[in-house]
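# Coordinates in review
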Amino acid sequence: FKYAMWFQPYLPGELVLDCFALAVQAREIDMRASPYDLADLGYSPITLETPDGRREYAIAQRDLAEQAQALRGRLISALNALKQAARSDHVSVR
């Protein structure tokens, strides 16, 4: 998300929003796995001290990594296209 925001004016808004949504999802997993009780805020805990909780956390992290890999590819493609466009503009000015 950080890199998407750096280049936000030049990237498709949908890509930036997808990066933000993934960052929110990652933060939610972290909050649910924290030692704080956030059930009143609607976040069910991931109990890392139990085998089931560790399994749930591992699955959530794996899913997050898979989503991040696809999103990272989209971001790299968009940034490469931006880089190529900048080079084309620079060359045509000379």
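Let me sum up the structure you'll find in this document. It should be emphasised that the depicted structure is a prediction, and the values quoted were computed from it without experimental measurement. (Residues numbered from 1 in each chain as written. Predicted model: local features only at pLDDT ≥ 70, side-chain atom pairs only at ≥ 80, totals over all residues. Heavy atoms only, no water.)

## A short note on the environment of Arg32
Selection rule: Numbering of helices and strands runs from the N terminus, with a helix taken as a DSSP run of H or I at least four residues long and a strand as a DSSP run of E at least two residues long. Whether two residues touch is decided by their heavy atoms; if any such pair falls within 4.5 Å, the residues are in contact. Nitrogen and oxygen atoms within 3.5 Å of one another constitute a polar contact, given that in protein one can donate a hydrogen and the other can accept it, and given that sequence-neighbouring residues count only through two side-chain atoms.
Note that Arg32 resides in helix α2 (residues 13-32). In this structure, the C-alpha to C-alpha distance between Arg32 and Gly13, residues 19 residues apart in sequence, is 28 Å. Those residues in contact with Arg32, other than ones at most four positions away along the chain, are Tyr43, Ser44, Pro45, Ile46 and Glu56. In terms of polar contacts, Arg32 uses its side chain to reach the side chain of Glu56, at 2.8 Å.

## Observations regarding the packing of aromatic side chains
Here is the rule we go by: Classification of ring pairs rests on two measures: the distance between centres of Phe, Tyr or Trp rings, Trp counted by its six-membered ring, which must be within 6.5 Å, and the angle between planes, read as stacked under 30 degrees, edge-to-face over 60 and tilted in between.
This model, assessed by the stated rule, comprises two aromatic pairs. Taking the centre distance of 4.7 Å and the plane angle of 90 degrees together, the rings of Tyr3 and Trp6 count as edge-to-face. Of the two residues, Tyr3 and Trp6 both sit in helix α1 (residues 2-6), three residues apart, roughly one turn of that helix.

## Brief notes about the nonpolar core
We count it as follows: We define the nonpolar core as a collection of buried residues of types Ala, Val, Leu, Ile, Met, Phe, Trp, Tyr and Cys that are connected through side-chain atoms lying within 4.5 Å of one another. Summary of the burial criterion: residues with accessible area below 20% of their type's maximum are buried, those above 50% are exposed, and those between are partly exposed, where the area comes from a 1.4 Å probe applied to protein chains only.
With 15 residues, the main nonpolar core has Ala4, Leu11 and Leu15 as its most contacted residues. Those elements that place two or more of their residues in this core are α2 and α3 (51-93). Setting aside its immediate chain neighbours within four residues, Leu11 contacts Ala4, Val16, Leu75, Ala78 and Leu79.

## What about the pattern of salt bridges?
The line we're drawing: For this analysis, a salt bridge means a side-chain nitrogen from Lys or Arg found within 4 Å of a carboxyl oxygen belonging to Asp or Glu.
Across all of its chains, the model carries three salt bridges by this definition. Between Arg32 and Glu56 there is a salt bridge, with the nearest N and O atoms lying 2.8 Å from each other. Taken as a pair, Arg32 in helix α2 and Glu56 in helix α3 lie far apart in primary sequence, 24 residues in all. Among the residues examined, Glu56 registers a relative accessible area of 33% and is labelled partly exposed.

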